[in-house]
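# Coordinate inspection notes
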Amino acid sequence: MQHYFTKICEATAALAKHSSPIVGAQAYEYWTTLVEDETERTLKGVECLGYIRSCSENLIQLILEGLCIINFEEDDDDEDWGHALSAACCLQKLALLIKNDVMAKVITFASANITQPNWKMKYAALIALGSITDGPDK
């Protein structure tokens, strides 16, 4: 995987911004799975190549952008995960792995968007804050 990691990052970043909520959600699911694997390896003391730490700054930015992609229609099924919910799940798992390293970008994002008149930006800010309640130091 390490030979293809840069290409994987580029491909999933492009897919995370796809107009289809299903495609976008799957891109974040890839990252969530990788974060969960690295977290599990770390907890077990098994060697971990640190893919997530190597790209955490870019991944956090990608996740924050995904939180802002809210596709809501009255006839949508509540169980369908789109960009925002998948990105929030990924951020939650990421906060458990990288702990305090997630704080600066998320706090900056939330501070800038919580007072926006656009409800989607407020929602994204609140979801971002809620997603990092576990992981970083209190």
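In this text, all values refer to a predicted model and were calculated from it rather than measured experimentally.

To continue, consider the nonpolar core. Counting residues in hydrophobic clusters, the biggest one holds 30 residues, and the most contacted among them are Trp31, Ile52 and Leu67. Looking at this core, the elements with two or more residues in it are α1 (5-16), α2 (21-44), α3 (51-67), α4 (83-98), α5 (103-113) and α6 (119-131).

In this section: the packing of aromatic side chains. To describe a pair of aromatic rings, you give the distance between the ring centres and the angle between the ring planes. Throughout the structure, instances matching the rule amount to four aromatic pairs. Between the aromatic rings of tyrosine 30 and tryptophan 31, the centroid separation amounts to 5.3 Å while the plane-to-plane angle is 80°, which identifies the pairing as edge-to-face. Take tyrosine 30: its relative accessible area is 27%, and that puts it in the partly exposed class. Here tryptophan 119 and tyrosine 123 contribute two aromatic rings whose centre-to-centre distance is 6.4 Å and whose plane-to-plane angle is 65°, an arrangement assigned as edge-to-face. In this pair, tryptophan 119 and tyrosine 123 are both assigned in helix α6, four residues apart and thus about one turn of the helix distant.

Bringing the layout of surface pockets into the picture now. The computed volume of the second largest pocket comes to approximately 170 Å³. What lines the second largest pocket is Cys9, Thr12, Ala13, Lys17, Trp31, Cys55, Asn58, Leu59, Gln61, Leu62 and Glu65. Split into classes, the residues belonging to the lining of the second largest pocket amount to six nonpolar, three polar and two charged.

In total, this model carries seven salt bridges according to the counting rule given. The partner of aspartate 37 in a salt bridge is arginine 41, and the shortest N-O contact between them spans 3.1 Å. In this pair, aspartate 37 and arginine 41 both sit in helix α2, four residues apart, roughly one turn of the helix. Arginine 41 gets classed as partly exposed once you look at its relative accessible area, which sits at 34%. We note a salt bridge from glutamate 40 to lysine 44, for which the minimum N-O separation is 3.2 Å. One end of the pair, glutamate 40, and the other, lysine 44, are both in helix α2, four residues apart, so they sit about a helical turn from each other.

About the thresholds
- Residues numbered from 1 in each chain as written.
- Predicted model: local features only at pLDDT ≥ 70, side-chain atom pairs only at ≥ 80, totals over all residues.
- Heavy atoms only, no water.
- Core = buried A, V, L, I, M, F, W, Y, C linked by side-chain atoms within 4.5 Å.
- Buried < 20%, exposed > 50% of the residue type's maximum accessible area, 1.4 Å probe, protein only.
- Helix = DSSP H or I, 4+ residues; strand = E, 2+ residues; numbered from the N terminus.
- Phe/Tyr/Trp six-rings, centres within 6.5 Å; stacked < 30°, edge-to-face > 60°.
- 1 Å grid on protein atoms, 1.4 Å probe; cavity = no way out; pocket = protein on both sides within 12 Å on 5 of 7 lines; lining within 4 Å.
- Points joined across faces, edges and corners; volume = space filled by probe spheres on them.
- Nonpolar A, V, L, I, M, F, W, Y, C, P; charged D, E, K, R; others polar.
- Salt bridge = Lys/Arg side-chain N within 4 Å of Asp/Glu carboxyl O.

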